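Listed below, chain by chain, are the residues.
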Amino acid sequence: AALKAQLDAKLFGQHLAKDVVLKAVMGFSNNPSPKKPLTLSLHGWAGTGKNFLSQILAEQVHPAGLRSKFVHLFLATLHFPHQDHVKLYKEQLQKWIRGNVSACPHSVFIFDEMDKMHPGLMDAIKPFLDYYEQIDGVSYRKAIFIFLSNAGGDLINKAALDFWTSGKSREEILLKDLEPMLSVGVFNNKNSGLWHSSLIDRNLIDYFVPFLPLEHKHVKMCVRAEMIARGYAVDEKVVQAVADEMTFFPKEQKIYSDKGCKTVQAKLDIHEDI
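A brief structural summary. Since we're looking at a predicted model, the values are computed, not measured. (Residues numbered from 1 in each chain as written. Predicted model: local features only at pLDDT ≥ 70, side-chain atom pairs only at ≥ 80, totals over all residues. Heavy atoms only, no water.)

**Topic: the packing of helix H7 (residues 153-165) against helix H8 (residues 175-187)**
The contact between H7 and H8 brings their axes to 10 Å, and the two run at 155°. Here H7 lies roughly antiparallel to H8, going by the angle between them. Helix-helix and strand crossings are classified by hand; for H7 and H8 the assignment is right-handed. Between H7, through Leu155, Ile156, Ala159 and Phe163, and H8, the contact on the second element is made entirely by Asp177, Leu178, Met181, Leu182 and Gly185. Split into classes, the residues belonging to the contact of H7 with H8 amount to seven nonpolar, one polar and one charged. (Axes fitted to C-alpha atoms, helices over the stretch in contact; angles between N-to-C directions. Helix = DSSP H or I, 4+ residues; strand = E, 2+ residues; numbered from the N terminus. Parallel < 35°, antiparallel > 145°, perpendicular 65-115°, else oblique. Left-handed = near helix turned anticlockwise from the far one by under 90°. Contact = heavy atoms within 4.5 Å. Nonpolar A, V, L, I, M, F, W, Y, C, P; charged D, E, K, R; others polar.)

What follows is the structure in structure tokens.
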């Protein structure tokens, strides 16, 4: 219930992601003996809420969220920068995950910038995501793994635009409209971090979660939420001014924000004096 309340209040325009993650997490947490860890792969353009959702989810498992010593965030460009060190990274990653799950079975691992991961690196964690009761005396079945990626964003945007063009509302888009295309697209995309990965091959990713591009109304929701978070009264003139400064695509229709809500905070800073 707490997770649902947080997502309803803070995550805008993502009916699919909200629905899928809620069901996945409920099923997982209500299962006294899951057969494998929960593994979610979140896809979509920047600023659509992938990071945001993973933080909210982490906070539901460990109240300190990203500050908790049981929540681990890996950034491809920071933690695994060099292509020629992949072998070393694989060993370090296995050791790190083994050590942390030994200390806390409910550890949460978030891998950001998956589209910048070196091919093959993520296969190092395959044993931990698989259907093993335990490996060397450690059970990984209560852990949660979350992958964040811009890969597949173009496919999702195209599907959303097709729905819009055919006069359907975005809320009519179902997971089955996107997930099969997304898993194949990511598997065959050299820049996805999961290119020809055994994690997909072995069906170890429980859900590919699509994040849809955000429309004008969602950007305005983000601005209002940010104003409330800063303790301001919501001023619709400011909301409109910030939304007007965002850029939208496609060129002709200008339906979707090309940065999602990513620059809302910075843009609001400029309008603070109003």
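**Section: the nonpolar core**
Core analysis: the largest hydrophobic core is formed by 67 residues, its most contacted members being Ile97, Phe111, Met122, Ile125, Phe145, Phe147 and Leu199. A domain-level breakdown of this core finds at least three residues from each of domain 1 (1-212) and domain 2 (215-271). Look past the residues within four positions of Ile97 in its chain and what remains in contact with it is Phe109, Phe111, Ile125, Phe128, Tyr140 and Phe145. Judged by nonpolar contacts, the second largest core, of 15 residues, contains Phe12, Val219, Phe248 and Val264. (Core = buried A, V, L, I, M, F, W, Y, C linked by side-chain atoms within 4.5 Å. Buried < 20%, exposed > 50% of the residue type's maximum accessible area, 1.4 Å probe, protein only. Domains from an automatic or database assignment.)

**Details of the state of the cysteines**
Scanning the model with the defined rule gives one disulfide in all. What pairs with Cys222 in a disulfide is Cys261, and their sulfur atoms sit 2.0 Å apart. Here Cys222 and Cys261 share a disulfide; its torsion about the S-S bond, 80°, makes the bridge right-handed. Of the two residues, Cys222 is situated in helix H10 (residues 216-229) and Cys261 in the loop between strand S7 (256-257) and helix H12 (264-271); the sequence distance between them amounts to 39 residues. Residue classification places Cys222 among the buried positions, given a relative accessible area of 15%. For Cys261, a relative accessible area of 15% translates into the label buried. (Disulfide = S-S within 2.5 Å.)

**What about the pattern of salt bridges?**
Tallying each qualifying case throughout the model produces 14 salt bridges. Close ionic contact of Lys36 with Asp206 constitutes a salt bridge, the shortest N to O distance being 3.1 Å. Separated by 170 residues along the polypeptide, Lys36 in the loop between helix H2 (15-30) and strand S1 (38-43) and Asp206 in the loop between helix H9 (198-201) and strand S5 (207-210) bring together distant segments of the chain. Exposure remark for Asp206: the relative accessible area of 28% places this residue in the partly exposed category. Here Glu236 makes a salt bridge to Arg224, at a shortest N to O gap of 2.9 Å. Of the two residues, Glu236 sits in helix H11 (residues 236-245) while Arg224 sits in helix H10, which places them 12 residues apart along the sequence. Looking at Glu236, the relative accessible area reads 43%, which means it is partly exposed. A single network of salt bridges, built from pairs that share partners, joins Lys4, Asp8 and Lys18. (Salt bridge = Lys/Arg side-chain N within 4 Å of Asp/Glu carboxyl O.)

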